Amino acid sequence: MTEGLQPFLSDAVAVLRAPTQVWSRADGEIGAGAIDGVFHGDTRFVRATRVRYGTDAATHAPEWISRSAGSASDVRFEALLRRLDDRTPDPKIRLTRRRVVVDGRMMEEFTLVSHLEEEVGLVLEVAVTPDATPIQEVKSGARPAAAVERTLAGDAVELTAGAASMRLRAPGGEVTASGDDLVLTWHVTCPPRAAATVSWHVDLDDPSLVVRGTARQVDWALQARGGDPRLNRWLRQALDDLDALRLTLPGSPDEFFAAGAPWFFTLFGRDSLWAARLFLSVDPGMAASTLRVLGRLQGSTADPATAEEPGKIAHELRAGTLTMPGEGISLPPLYYGTVDATPLWVTLLSEAHEAGMPEADVRDLLPAMHDALDWILASANADGFLDYVDETGHGLSNQGWKDSGDSIQWRDGTLADGPIALSEVQGYAYEAVVRAADLLDALDEEGSGRLRTWAAELRTRFRERFWVTTPEGRYPAIALDRDGRAVDTLTSNAGHLLGTGILDPEEERAVADLLTGTSMTSGFGLRTMSTDAGGYWPLSYHGGSVWAHDTAIVARGMARAGLVDHARVLVDGMLNAAEAFAYRVPELHAGDAASDVSVPAPYPAACRPQAWSAAAAVVCHEIVTLNR
């Protein structure tokens, strides 16, 4: 384990039911990887486990041979116990370790199955190392000592770390302390040709949590008929992961998608909205509930410390201040530093109405929509565009979806100076205002005229200011910098304009042609930045990597613009990536070309599963089934 580096997640096994998750190695053991542990909310409660067995003392490690998942929340690991076996070649004693996660609880069940003619007796031992490390410290690669108090009582132990607590039980077994570890021991007797089972579990509690898990499980069904068989495999995994990523706020039945495991088991404005929007054809109810959750947190006052403004939709909700070690970022518990969540909220409300959201529920949100529209129209800068700048010095320097500090680059690789006006945000704003006008007309409400006038003027300004011509062609710049200059790098941001209405059909086709060219399309999805750009690197977070949701948004826009053949090029790439990552597509991966590698390189610490990456499978299904 390397200290001080963000952990790789690609080779780890996750079992989850938000806000609880367990990460381990492929054999089920916890502790060999930097991410390994039992987590609840933003705390790791267990950082290591070790299974041993023997006849008189637990001295042997099982030989772990396979793993299978019943769902995102239920995984089995299989082992052989050949040191108890007879001398024939066939293994006759197996051990199944079943791990199940629900909100606030992790359970492991060990089942010994024997094919021997005689009774088998053994000692089974599980060593558990408690922990209380904040998840952001785990992400940074730090390994601080976590103070945990414990009280043993028979087959149970109570552990506390501040207000957080864990109760561990091993029914039928014995719990003892050994240094930092708790040792769970069972004396197991298995009859001839029979099975015997023991189990242990932990109940986890953190009263500071601002999110809650969901009591019900759902079984969303979506079947692609004919075509590429990989799509159904991805859909099954994606829908299962999305079910496990559902959260609510305390005291509210309204659900939303947590952004992703392991780092983002919370509400994000942009992420939760996009996940619900991509998922709209499966369950419009998720869009409606997400809108209500964010509407209740909508900004009502001006506060530079949190970036709150009247009408603005929040970016992120946490239990406490979020500090990112080594990055100079410290975000308040409720942070509003996002420029795109507000127009995305308005657009989703309109789309949810079209998808069947009850009119009464839509009308309940009209005051929030008017406040959001006021924010959009009032936030335009002197040039008439929506822009952003961090006023605190410790917030996010970039506040679009590409929110890393180096994401807005000139073609030569130098960074653009803010305030920054992103191209896709102008498209989002245009679409939001036009859709809001349509919604007001559909509901016989007043106010659509001024909205359409503003949108038309924005469309004209955009065409005059954002288009650039470089050796790669003519396309919308990624942004305008503080001096109003068009930042000329070709990026995937231009693809987010497709289907918004801010481009005309000829412009949309020109953008689609460029984005499906070899400099942007890797064969595993759409690169965030062109290979011809000076700052391009396939493992740059936002400067050459591939994000499934980004690719899906662009493909969706292509299809809405009538460019279905272009969209299917991106769908083919997403299916290649899904297959490469065993159908649990990560947050992002390297922008390696499929002509050079059979599997794209994973990115360190990339969430897996990620809500909007999973929802990308739904977009692929929609595009594949078009005109069939």
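In the block above lies the structure referred to throughout.
Residues numbered from 1 in each chain as written. Predicted model: local features only at pLDDT ≥ 70, side-chain atom pairs only at ≥ 80, totals over all residues. Heavy atoms only, no water.

**Some details on the sheet that holds strand β15 (residues 195-205)**
Thought 1: With respect to topology, 8 strands assemble into an open sheet ordered β5-β6-β7-β8-β15-β12-β11-β10, the strand pairing being antiparallel. The sheet is open, and its two borders are formed by β5 (63-71) and β10 (149-153), each paired with just one other strand. Looking at each pair of strands side by side, their axes are set apart by 15° on average, direction ignored. (Pairing = 2+ DSSP bridges. Helix = DSSP H or I, 4+ residues; strand = E, 2+ residues; numbered from the N terminus. Axes fitted to C-alpha atoms, helices over the stretch in contact; angles between N-to-C directions.)

**Some details on the environment of T189**
Thought 1: Mapped onto the fold, T189 is located in strand β14 (residues 181-190).
Thought 2: When its relative accessible area of 46% is taken as the criterion, T189 is described as partly exposed.
Thought 3: For the pair formed by T189 and D86, sequence separation is 103 residues and the distance between their alpha carbons is 17 Å.
Thought 4: Those residues in contact with T189, other than ones at most four positions away along the chain, are E119, V120, G121 and A196. (Buried < 20%, exposed > 50% of the residue type's maximum accessible area, 1.4 Å probe, protein only. Contact = heavy atoms within 4.5 Å.)

**Some remarks on the packing of helix α5 (residues 341-354) against helix α7 (residues 366-379)**
Thought 1: Contact geometry of α5 with α7 gives a least axis separation of 9 Å together with a crossing angle of 140°. Considered as vectors, α5 and α7 are oriented oblique to each other. Every pair of crossing elements has a handedness; the one defined by α5 and α7 is left-handed. Mapping the contact onto sequence places T342, P343, W345, V346 and L349 in α5 and A368, M369, A372, L373, W375 and I376 in α7. (Parallel < 35°, antiparallel > 145°, perpendicular 65-115°, else oblique. Left-handed = near helix turned anticlockwise from the far one by under 90°.)

**Observations concerning the packing of aromatic side chains**
Thought 1: Applying the stated rule across the entire model yields 11 aromatic pairs.
Thought 2: When the centroid spacing of 4.7 Å and the interplanar angle of 75° are considered together, the rings of W220 and F279 count as edge-to-face. Remark: F279 occurs in the loop between α3 (269-278) and α4 (284-296) and W220 occurs in the loop between β15 and α2 (229-244); sequence separation between them is 59 residues.
Thought 3: A relative accessible area of 0% places F279 in the buried class.
Thought 4: Between the aromatic rings of F385 and F466, the centroid separation amounts to 5.2 Å while the plane-to-plane angle is 85°, which identifies the pairing as edge-to-face. Taken together, the residues span a long stretch of sequence, with F385 in the loop between α7 and β22 (421-422) and F466 in the loop between α9 (448-465) and β23 (467-470) at a distance of 81 residues.
Thought 5: Overall, the relative accessible area of 0% leaves F385 in the buried class. (Phe/Tyr/Trp six-rings, centres within 6.5 Å; stacked < 30°, edge-to-face > 60°.)

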